[in-house]
Structure formats: C-alpha cells, structure tokens
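# Structure assessment
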Amino acid sequence: MTILRRGDQGADVRELQRLLRTRGARLELTGEFDAETAVAVRSAQRLYGLVVDGLAGTKTLLALQLDGRQPGQLGADDLRRAAATLNVPLAAVRAVNEVESLGPGFLPDGRPVILFERHIMYRQLRATGRDANTLALRYPNLVSARRGGYMGKSAEHGRLAAASQIDIACALSSASWGMFQVMGYHWERLGYPSVEDFADAMRCGEAEQLDAFVRFIIADPALHKALKARRWSAFAQGYNGPAYKDNLYDVKLARAFARYEAEDEESEVPA
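Below is a summary of the structure that appears in this document. (Residues numbered from 1 in each chain as written. Predicted model: local features only at pLDDT ≥ 70, side-chain atom pairs only at ≥ 80, totals over all residues. Heavy atoms only, no water.)

## Regarding the environment of valine 182
- The residue valine 182 is located in strand β3 (residues 182–183) in this model.
- We classify valine 182 as buried; its relative accessible area is 4%.
- A sequence separation of 14 residues divides valine 182 from glutamate 196, and the C-alpha atoms of the two residues are 14 Å apart.
- Contacts of valine 182, omitting those with residues within four sequence positions, involve Ala175, Ser176, Trp177, Leu190, Phe198, Ala212 and Phe213. (Helix = DSSP H or I, 4+ residues; strand = E, 2+ residues; numbered from the N terminus. Buried < 20%, exposed > 50% of the residue type's maximum accessible area, 1.4 Å probe, protein only. Contact = heavy atoms within 4.5 Å.)

Shown next as structure tokens:
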C-alpha cells in the first residue's frame, strides 16, 4: 500500500484519522494529513512499540486496526540496539530504515519479502562448477547471464522454489531477503554458519532482517565509516551503487536524519 505522510490528502487519510480516533485521538476527519494527524500517528506508534517515524504504512494501520503490534514486526527497541551496535546516533538508523528499507519485511502470507536474481543464480552455479549455460537454456527464467524475469511478491517464492530444485544453496544465495534487500550470497562474510541459516534468520522476523543489515554495514568498513560520519553521498553510493543519484537517496537520507535528529533532541528536553 502507499505510505501516508504529512501533506497527503484524500480518503485514505480520512480512514487513518478514523482509526486513530477509535484509539483515542482527538481528530477531525478532514482527510488532510496535517500536524495534528502526524502527532497522533507518532503517539500510536509509541503506544504499540513500533518505529516512531510519523509515517502511516501497513504496520501502523494494522496495529491501529488490531490494537497491537504484530509478532515479528520491527520495534523502536530494535532500532536502538542497532544504533548502539553501529555506534551511530539513533537518528541515523531511523533515517536509513525510512529511506533504504522496503517497508514490511514480510508478505501478507507470512513469508519474507524476497527478489530472486537469475543472473546471480547463473554466477553461483558457475562458481560451483555446474554447466550454467546449459541450465540457462533449459530454465531461462531461473538461470541467465542477464538480469530479469522478475514476477514480484509471492511469485518470487515460486521462482526460488523452482531454482532450489536445481541447487538449493545457489538458489538461496541468489535472492535478496527482507526489508533491507540483503543478498543471500553475503552469508559467510556476515557471520552466518551457512546460507540456509541466513535464510532461516530472515524468516524469523524483521529484527533479524535488521540484524543482517547491521552485519552488512559492519562488514564494509568504508560503508560503516560513511554512516558514522553521516556522509550520505558516500553511504548511498556504497549501499545502492552509482544509481543512487537518480533516486536522490543521499538527499532523502540527509533530510530524514535532520528530521529525526531534531525529534530526538526535543524528546530529551525535560518537560
């Protein structure tokens, strides 16, 4: 679904306001995501132990509907632990979570969000000595020297299952997993005993997916240094590649960090 944020208008915002009212917020059903609505969203996120960012996405709406955070969802304490492990301000982790994550780490059916990369499968098979070219002719949507073949959402699990029939370790290594799109082939340098253990961790919850991201940052000293120094261009390029400029990732990270830093400083001022 679309993430609702400050400045949005329409029926979806009105429904958000209605849900907030059912949980005690004093709001008019204006259909405008104004300052009062943003305050109510943050209050609800604190109440349910969610990440407090003032953005109303799937997790916030579901918590409002069911009056509680769902098992496995990322919480504010998870971000604090990540910030402590990385030795960076909480605002930095909050900014990265907002800009670099996919949103929910799981599909509605409970399986983790993945994207199967057939060109990585081709590379992994060749590395193990398999005849990747012959397999590419037989299974072009699963093995190819070129990117593509994406089907999205739950259909990616179908592609992963089919690729696992060829070679399960290569298949698991060829998918990006969870909120932060960490590729399976990184499992060893991230400290997992095997790619199967990595995949099992990604199935456990969003906190485990965040942990994989934290391990990924620590395993790349240049990336970790850029995050510590809040050099957003260097961080965005290291994490997203040269195309980061096309999506303004560095600008988005800088703006999100400034916003969260101001919020964190405000929350530390005694009442």
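## As for the sheet that holds strand β1 (residues 114–116)
- The antiparallel open sheet is built from three strands, whose spatial order is β1-β2-β3. Strands with a single pairing partner mark the edges of an open sheet, and in this sheet they are β1 and β3.
- The strands that helix α8 (residues 155–164) touches are β1 and β2 (175–177); relative to β1, the one it contacts most, it runs at about 50°. (Pairing = 2+ DSSP bridges. Axes fitted to C-alpha atoms, helices over the stretch in contact; angles between N-to-C directions.)

## Regarding the packing of aromatic side chains
- Per the counting criterion, the structure on display carries eight aromatic pairs.
- Each ring, one from tryptophan 177 and one from phenylalanine 198, has its centre 6.4 Å from the other, and the planes form 85°; the classification is edge-to-face. Residue tryptophan 177 is located in strand β2, and its partner phenylalanine 198 is located in helix α10 (residues 195–204); the two are separated by 21 residues in the primary sequence. The pair formed by tryptophan 177 and phenylalanine 198 is uniform in burial state, with each residue classed as buried.
- For the ring pair tyrosine 192 and phenylalanine 198, a centre distance of 5.2 Å and an interplane angle of 80° mean the geometry is edge-to-face. Each member of the pair tyrosine 192 and phenylalanine 198 is classed as buried.
- An aromatic cluster is defined as three or more aromatic residues linked by ring pairs; in this entry it consists of Phe180, Phe213, Phe216, Trp232, Phe235, Tyr239 and Phe257.
- Stacked on the ring of tyrosine 185, the Lys or Arg arginine 123 has its end atom at 4.4 Å from the ring centre.
- Sitting over the face of the ring of tyrosine 260, arginine 259 holds its NZ or CZ atom 4.9 Å from the ring centroid. (Phe/Tyr/Trp six-rings, centres within 6.5 Å; stacked < 30°, edge-to-face > 60°. Lys NZ or Arg CZ within 6 Å of the ring centre and 35° of its normal.)

## As for empty space enclosed by the protein
- The full count for this structure, using the stated rule, is one cavity of 30 Å³ or more.
- Estimated volume of the largest cavity: approximately 30 Å³.
- Every residue along the wall of the largest cavity is listed here: Ala82, Leu86, Ala92, Val93, Val96, Leu210, Phe213, Val214 and Leu227.
- Mapped by element, the contributors of at least two residues to the lining of the largest cavity are α4 (76–86), α5 (90–100) and α11 (206–218).
- Of the residues belonging to the lining of the largest cavity, the class tally is nine nonpolar, no polar and no charged. (1 Å grid on protein atoms, 1.4 Å probe; cavity = no way out; pocket = protein on both sides within 12 Å on 5 of 7 lines; lining within 4 Å. Points joined across faces, edges and corners; volume = space filled by probe spheres on them. Nonpolar A, V, L, I, M, F, W, Y, C, P; charged D, E, K, R; others polar.)

## Section: the pattern of salt bridges
- Per the stated rule, a full pass over the model turns up ten salt bridges.
- Ionic pairing is found between glutamate 15 and arginine 18, a salt bridge with its closest N-O pair at 2.7 Å. Here the residue glutamate 15 and the residue arginine 18 both occupy positions in helix α1 (residues 11–22), the gap between them amounting to three residues, near one helical turn.
- Accessibility expressed as a relative area gives 33% for glutamate 15, which makes it partly exposed. (Salt bridge = Lys/Arg side-chain N within 4 Å of Asp/Glu carboxyl O.)

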